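# What the coordinates show
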Amino acid sequence: MSGVVVLNGLQAETRYEYQAGWFTTTDKREAVDSVNELALRWPEHIYTLKTRSNNKALPRSYILGSCRYLRMTLGTPIAPEWGDRIFAAINTLAQHSETPIDGILMLGDQVYVDDMNIVAPDREYQDILHKYQTAFSQPHIRQLMAHVPTYMILDDHEIEDNWPAKASSNDQLLFSNAIRAYELYQCSHSPAHALLPSGRLERNIPHYWYQFADGDIEWFVLDTRTRRTLANADRRILDSEQEHALLDWLVTSNSRVKLVVSSVMFYPDLKNDGGDAWKSFPAQRDRILETIRDNKINNVIFIAGDVHGSMTSQLTHSEDPDFMVHTIVSSPLYNSKLLPYAKADSFILDQPLASLGRGSYHQKLTSRVVCEDNFARIFIDTERIRVDYHNKLGALLQSVSIALR
């Protein structure tokens, strides 16, 4: 029971009210004409949404988060309200903030399909759907997603831990079922679907990475999970088509701020990442960085989740004083008690990144590492990006300023 409706002709910066009605019938062979005459049921509440502003000078604000754990045992959720309370805090922030929230970026691991892999793994389509339905129907996330634009991208736990490194020949059915569910419940929130001239959506999705713009801010949301090549001869975390599209966008886009979403961290590198993140794909990462540096592209920010720790950091170059990129990491929204939080000493900060070009790239933290459930809110104006990290109750943990050039 998931669908997408395309609304055309809306006015910019306008608040609209909406409802969605539905009907039920026990006759699967009911004629279309008779179905149209069935009475619709309507929800109790009227929902609202506000369209984007065309004013490029207006500041923008977004929520960032990833890794929302929900344990299901034999189809029964265990304390789902624990993972939902952080969305209550985000709702409160959205309702009482003087600066509206322009979007929520969910950076991966919105569900954990593999949470019981050792005992009773979920592999069947209906079991995976049930996990999505349970996660997204909790009251606070449901309220939030009904009012605020939401963008999503998958990471490994939407399929299996460290996918596809641990994939076996028996996992094709798992992948097929997990991706079908992902397309229904997550990809439907993104502009990965092409819009046909008729105004309808193209049902076939060529890829899961996508772009969108908001004023003079542009986002490129990468799929760093399903297009990997693990062969030693040409290791890639992005397929060649996606890499080409990213590099072309970096060079040709006229946007003032370019935000690149990678569900796994672009940098800094974890000491122990199991070969899962960009550290294990150094040639491709280096091509991206060299493109930014050679073309003197300013205000490139990498956004990531995954590591169960939140921080900001910057990357500089030993022979290019004008080069600088930043990363903003936001993770986790709700952690399993079985998984540790990342700490500052989890990262390699005393060595440069591997580089194929001249000179070396040096990384350093520009904030402390948040080691608890949290989310980030970023404010982007003409001079800076402010990153505010909040705990699960909404209290401010730290605030970081990134100067724009």
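Residues numbered from 1 in each chain as written. Predicted model: local features only at pLDDT ≥ 70, side-chain atom pairs only at ≥ 80, totals over all residues. Heavy atoms only, no water.

### Here's the deal with the nonpolar core
What counts, and what does not: Throughout, nonpolar core names a set of buried Ala, Val, Leu, Ile, Met, Phe, Trp, Tyr and Cys residues whose side chains join them through atoms within 4.5 Å. Relative accessibility thresholds used throughout: buried, under 20% of the residue-type maximum; exposed, over 50%; partly exposed, between the two (1.4 Å probe, protein chains only). Two residues qualify as a contact provided that any one of their heavy atoms is within 4.5 Å of a heavy atom in the partner residue.
In terms of nonpolar packing, the biggest core is built from 66 residues, with Trp219, Ile328 and Ile385 touching the most fellow members. Apart from the residues lying within four places of it in its own chain, the contact partners of Ile385 are Val257, Ile301, Ile328, Ile378, Phe379, Ile380, Val400, Ser401, Ile402 and Leu404. Within the second largest apolar cluster, 28 residues are counted, among which are Ala245, Leu246, Trp249 and Phe266.

### A closer look at the pattern of salt bridges
Defined as follows: The working definition used for a salt bridge is a side-chain nitrogen of Lys or Arg within 4 Å of a carboxyl oxygen of Asp or Glu. Each helix is a run of DSSP H or I of at least 4 residues and each strand a run of E of at least 2, with the numbering of both proceeding from the N terminus.
Tallied over the full model, the rule gives 18 salt bridges. Of the charged contacts, one joins Arg285 and Asp269 as a salt bridge, the two residues approaching to 2.8 Å between their closest N and O atoms. Taken together, the positions of Arg285 in helix α7 (residues 282–294) and Asp269 in the loop between β10 (257–261) and α7 put the pair 16 residues apart, joining distant regions of the chain. The residues Arg285 and Asp269 share a single accessibility class, namely buried. A salt bridge links Arg293 to Asp320, with the nearest nitrogen and oxygen atoms 3.6 Å apart.

### Some remarks on the environment of His130
Here His130 shows up in helix α3 (residues 125–136). A relative accessible area of 32% means that His130 is categorised as partly exposed. Along the primary structure His130 and Thr76 are separated by 54 residues, whereas in three dimensions their C-alpha atoms are 9.5 Å apart. In contact with His130, other than residues within four places in its own chain, are Met72 and Gly75.

### Some points on the side chain of Arg293
Definition in use: The definition of a polar contact used here is a pair of N or O atoms within 3.5 Å, where within protein one atom must be able to donate a hydrogen and the other to accept one, and adjacent residues in sequence count solely through side-chain atom pairs.
Considering the arrangement of structural elements, one finds Arg293 in helix α7. One polar contact links Arg293 to Glu290, side chain to side chain, over a distance of 3.2 Å. If sequence neighbours within four positions are ignored, Arg293 has contacts with His317, Asp320, Phe323, Arg358 and Tyr361.

### Some details on unusual backbone geometry
Omega for the peptide link from Trp163 to Pro164 comes to 5°, which places this bond in the cis form. Take Pro164: it is sitting in the loop between β7 (150–152) and α5 (172–185). With an omega of -5°, the peptide bond running from Tyr267 to Pro268 counts as cis. Along the chain, the position of Pro268 falls in the loop between β10 and α7. For Lys296, which is not glycine, the phi torsion reads 50° and is therefore positive.

### Observations regarding helix α2 (residues 80–96)
Let me state the cut-off plainly: To estimate how far a helix should reach, multiply one less than its number of residues by 1.5 Å.
Given a rise of 1.5 Å per residue, 17 residues ought to cover 24 Å, and the 25 Å separating the end C-alpha atoms of α2 matches this to within 8%. If you check which residues of α2 are buried, you get Pro80, Gly83, Asp84, Ile86, Phe87, Ala89, Ile90, Asn91 and Leu93. For α2, the secondary structure elements touched by its buried residues are β3 (60–65), β5 (76–77), β6 (103–106), α4 (139–147), β15 (374–380) and β16 (384–391).

### Here we look at α5
For α5, which comprises 14 residues, the first-to-last C-alpha distance of 20 Å matches the rise-based estimate of 20 Å (1.5 Å per residue) to within 8%. Here α5 has its buried residues at Leu174, Asn177, Ala178, Ile179, Ala181, Tyr182 and Tyr185. Next to the buried residues of α5 lie α3 and β7.

### Notes on the sheet that holds β3
What holds strands together in a sheet is hydrogen bonding between their backbones, with the strands either parallel or antiparallel. Condition: Between any two strands, pairing holds if DSSP finds at least two bridges. What counts as an axis is a line fitted to C-alpha atoms, over the stretch in contact for a helix, and the angles between N-to-C directions run from 0 to 180 degrees.
As summarised here, the arrangement of the six strands in space is β7-β6-β3-β15-β16-β17, forming an open sheet in which the pairing is mixed. The open sheet terminates on both sides in strands that have one partner only, identified here as β7 and β17 (396–403). Strand after strand, the sheet turns through a mean of 20° between neighbouring axes, direction not considered. Relative to β15, β3 runs antiparallel, the two being bridged by five bridges. Bridge pairing in β15 links Leu64 to Ala376.

### Some thoughts on the sheet that holds strand β12 (residues 311–317)
Taken together, the seven strands give an open sheet; going across it, the order is β8-β9-β10-β11-β13-β12-β14, and neighbouring strands pair in mixed fashion. Every other strand in the sheet has two partners, leaving β8 (210–214) and β14 (361–365) as the edge strands with one partner each. For this sheet the average axis-to-axis angle between neighbouring strands, irrespective of direction, equals 20°. In this sheet, strand β11 (residues 300–304) lies alongside β10 in parallel orientation, the contact comprising four bridges.

### Regarding the pairing of β8
The alternating pattern of β8 places Tyr210, Phe212 and Asp214 on a buried face, while none of Gln211 and Ala213, on the opposite face, is buried. In this sheet, strand β9 (residues 217–221) lies alongside β8 in antiparallel orientation, the contact comprising five bridges. Residue pairing in the sheet places Phe212 in a bridge with Trp219 of β9.

### Considering the packing of helix α6 (residues 240–252) against α7
This is how it is decided: Roughly parallel here means an angle under 35 degrees, roughly antiparallel means over 145, roughly perpendicular means 65 to 115, and every remaining angle is called oblique. Left-handed describes a crossing whose near helix is turned anticlockwise from the far helix by less than a right angle; the clockwise case is right-handed.
One can describe the packing of α6 onto α7 by two numbers: an axis separation of 10 Å at closest approach and a directional angle of 15°. As judged from the angle between their axes, α6 and α7 are roughly parallel. Seen from above, α6 lies across α7 with right-handed handedness. Between α6, through Glu243, Leu246, Leu247, Leu250 and Val251, and α7, the contact on the second element is made entirely by Gln284, Arg287, Ile288, Thr291 and Ile292.

### Points about the packing of aromatic side chains
Here is the rule we go by: By convention, a stacked pair of Phe, Tyr or Trp rings (six-membered ring in the case of Trp) has centres within 6.5 Å and planes under 30 degrees apart, an edge-to-face pair has planes over 60 apart, and any other such pair is tilted. Note on geometry: a ring has a charge over it if NZ (lysine) or CZ (arginine) is within 6 Å of the ring centre and within 35 degrees of the ring normal.
For the structure on display, the rule yields 17 aromatic pairs. Consider the rings of Trp209 and Phe220, whose centres lie 5.7 Å apart with planes at 15°: the pair is stacked. You can see Trp209 sitting in the loop between α5 and β8 and its partner Phe220 sitting in strand β9, a full 11 residues away along the chain. Judged by relative accessible area, Trp209 falls into the buried class, the value being 7%. Judged by relative accessible area, Phe220 falls into the buried class, the value being 0%. A connected cluster of aromatic rings, assembled from ring pairs, spans Tyr62, Tyr151, Tyr210, Phe212 and Trp219. Note that Arg386 overlies the ring of Phe379, its terminal NZ or CZ placed 4.1 Å from the centroid.

These figures capture arrangement, not role.
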